[in-house]
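This is what each chain is made of:
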Amino acid sequence: MILIIAALALWAIMWTVNVRLANGESAGTSTVKLLVPLLFGLTLLAMWELVVRGLELPIVILPAPSVIAERVAGSGPTLWVDFKQTFLKGALGGYAIGCTAAFLTAILVDRWDFLRRGLLPVGSFVAALPIVGTAPILVMWYGFDWHSKAAVVVLMVFFPMLVNIVAGLQDTTQMQRDLMKTYAASYWQGLFKLRLPAAMPFIFNGLKISSTLAMIGAIVAEFFGSPIVGMGFRISTSVGQLALDMVWAEIVVAALAGSAFYGVVALIERRLTFWHPSQRR
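For the structure given in this document, a descriptive report is provided here.

How each quantity is defined
Residues numbered from 1 in each chain as written. Predicted model: local features only at pLDDT ≥ 70, side-chain atom pairs only at ≥ 80, totals over all residues. Heavy atoms only, no water. Helix = DSSP H or I, 4+ residues; strand = E, 2+ residues; numbered from the N terminus. Buried < 20%, exposed > 50% of the residue type's maximum accessible area, 1.4 Å probe, protein only. Contact = heavy atoms within 4.5 Å. Salt bridge = Lys/Arg side-chain N within 4 Å of Asp/Glu carboxyl O. Polar contact = N/O pair within 3.5 Å; in protein donor to acceptor, adjacent residues only side chain to side chain. Core = buried A, V, L, I, M, F, W, Y, C linked by side-chain atoms within 4.5 Å.

### Digging into the environment of Phe261
- The topology assignment puts Phe261 in helix H12 (residues 244-272).
- Residue Phe261 is classed as buried on the basis of its relative accessible area, which comes to 13%.
- Along the primary structure Phe261 and Ser211 are separated by 50 residues, whereas in three dimensions their C-alpha atoms are 6.6 Å apart.
- In contact with Phe261, not counting residues within four places along its chain, are Phe87, Leu92, Tyr95 and Ser211.

### Topic: the pattern of salt bridges
- Following the criterion strictly, the structure yields five salt bridges and no others.
- We note a salt bridge from Asp110 to Arg195, for which the minimum N-O separation is 2.5 Å. Linking Asp110 in helix H4 (residues 76-111) with Arg195 in helix H9 (residues 187-198), this pair joins segments that are 85 residues apart in sequence.
- Using a relative accessible area of 12% as the deciding quantity, one classes Asp110 as buried.
- Of the charged contacts, one joins Lys208 and Glu269 as a salt bridge, the two residues approaching to 2.9 Å between their closest N and O atoms. Residue Lys208 is located in helix H10 (residues 200-221), and its partner Glu269 is located in helix H12; the two are separated by 61 residues in the primary sequence. Of the two residues, Lys208 and Glu269, both sit in the buried class.

### Brief notes about the side chain of Glu269
- Given the relative accessible area of 6%, Glu269 is considered buried.
- Within polar-contact distance, the side chain of Glu269 engages the side chain of Lys208 at 2.9 Å.

### Side note on the nonpolar core
- Among the nonpolar cores identified, the biggest contains 40 residues, and Leu207 and Met215 are the most heavily contacted of them.
- Elements with a contribution of two residues or more to this core: H4, helix H7 (146-169), H9, H10, helix H11 (231-240) and H12.
- A per-element tally of this core places H4 first, with 10 residues.
- When sequence neighbours within four positions are dropped, the list of residues in contact with Leu207 reads Tyr95, Cys99, Met161 and Val265.
- Within the second largest apolar cluster, five residues are counted, among which are Ala135, Leu138, Ala151 and Ala221.

What follows is the structure, given as structure tokens:
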């Protein structure tokens, strides 16, 4: 019970510290903005460690963060191979193909209105298909290597990107479009000089959503067939072996990779759409 009481006391102390930092005179500085979530995350990890140790939870129920960190440190080569297979090949490959295909399709949909009425309903139907149903089929079509996982990711990211890009291309006002016509601008000139820049916030919104979907799709697809490598394969086999520390190690790597991927996309968005009100501080 001493460790449980210590966990509660730590929460109360760090809550007070975070509240004072967030509401203090320096709340608007970049240092405090970074420090508040960092302290909150470290507090949760410390409480997790204390509660697990205090309640003496078995590792198959919930391993302590120190046990997970030890497994990550001791399984570096295995985790790296799984990371390359799942993230660098399956997730990133499918993400690039799906987003590119969605962008080109959105241009066609925007150019010819009949495609909007025909393709968007089909896209919504495909997006509604459950991944647990489509993944085994794509594995049978494209084999057990990363290509089938990339195909699953393409299906998952295509429709969110398509919807966001189409909505972004329609975001300009009628007055702006009429002004381009008075300049005798062609469709492509209006697209690249007016409508595509205005659609950038929508495009990056789709890219950020798809960055998380790509990781999820690649891992889940590996549950239905994979070579003896990959995050999904390692998670499924480790669960069968009750090696829950390895499962959590893979989860940590996946979470870090997905968060870093999202952060990179958000950073690029901030650099390219600095003019948009959502990026102003």
